[in-house]
Amino acid sequence: MDMDAFDRQEKAIILVVDDEPDNRSLLVALLGKSYRVALAGNGEECLRIAASAAPPDLILLDVLMPDIDGYEVCRRLQDEPKTRTIPVIFLTARSSPEDEQRGLALGAVDYVGKPISPAILLARVATQLSLKASIDQLRNQNALLVAEVARRTSELEALQEVTILAMASLAEARDSETGKHLLRTQRYVKALAEKLRPHPRFSTFLTDDKIRLL
């Protein structure tokens, strides 16, 4: 495999959102050697790219933009489950403590004032990408654990069902009426539990899992 192609594939995607072409060009020159850089000239374009099938790993977001400002873009990103995990760094000339506080309150992970210091910006980008990679790894591990628990639970329920049926079959081998009685009783208990479930006295106890256990 072409190692250059492999490196390109492994590079994180950074979305630069700024309505000024010169600012976008400056950030492409600064970040392009280490990352894949996507560009958006306004808030709507940023939201569309962030919600796409290939979302960015991090967003550098200007505040002062036409139509939708950066604060509103950040709020909308946080409102959507698909985009709220993308870290946002505000990169703006509005660098007063009040502006920074507002940006962080909206969910941004950092706030960098313009004119930028290349070394500081690169360091903060690298830090946030490293944190995101760690969080993504933990999230994936958690999803695997949840899936494994669900699989084991399903296997246990299937084993329980097989055991009951085996006991019924064994009893039926000795007495056909006894075996059928066990199966009828099992179905009767299930029907009774489902009938009682809407009643306020039993609704919190007779969940689907509890009924299967019965």
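In this text the structure is predicted, and so the values were computed from the model without any measurement. (Residues numbered from 1 in each chain as written. Predicted model: local features only at pLDDT ≥ 70, side-chain atom pairs only at ≥ 80, totals over all residues. Heavy atoms only, no water.)

Caption draft 1: Region of interest: the environment of valine 17. As for its placement among the helices and strands, valine 17 is situated in strand 1 (residues 13-17). Given the relative accessible area of 1%, valine 17 is considered buried. Sequence separation of valine 17 and isoleucine 86 is 69 residues, and the distance between their C-alpha atoms is 14 Å. Residues contacting valine 17, with those up to four places away along its chain left out, are Ala40, Asn42, Cys46, Ile59, Leu60, Leu61, Asp62 and Met65. (Helix = DSSP H or I, 4+ residues; strand = E, 2+ residues; numbered from the N terminus. Buried < 20%, exposed > 50% of the residue type's maximum accessible area, 1.4 Å probe, protein only. Contact = heavy atoms within 4.5 Å.)

Caption draft 2: Broad picture of unusual backbone geometry. Note the cis peptide between lysine 114 and proline 115, where omega equals 0 degrees. If you trace the backbone, proline 115 turns up in the loop between strand 5 (110-113) and helix 6 (118-174). Of note in the backbone geometry, aspartate 67 takes a positive phi value of approximately 70 degrees without being a glycine. When you line up the elements, aspartate 67 lands in the loop between strand 3 (58-61) and helix 4 (70-79). The exposed category is assigned to aspartate 67, whose relative accessible area is 81%.

Caption draft 3: How the structure looks around the sheet that holds strand 2 (residues 36-40). What the 5 strands build is an open sheet, ordered 2-1-3-4-5; its pairing is parallel. Strands at the two margins of the open sheet, each flanked by one partner only, are strand 2 and strand 5. On average, each strand axis in the sheet is tilted by 20 degrees relative to the strand beside it, whichever way the strands run. Bridging between strand 1 and strand 3 involves 4 bridges; their strand directions are parallel. (Pairing = 2+ DSSP bridges. Axes fitted to C-alpha atoms, helices over the stretch in contact; angles between N-to-C directions.)

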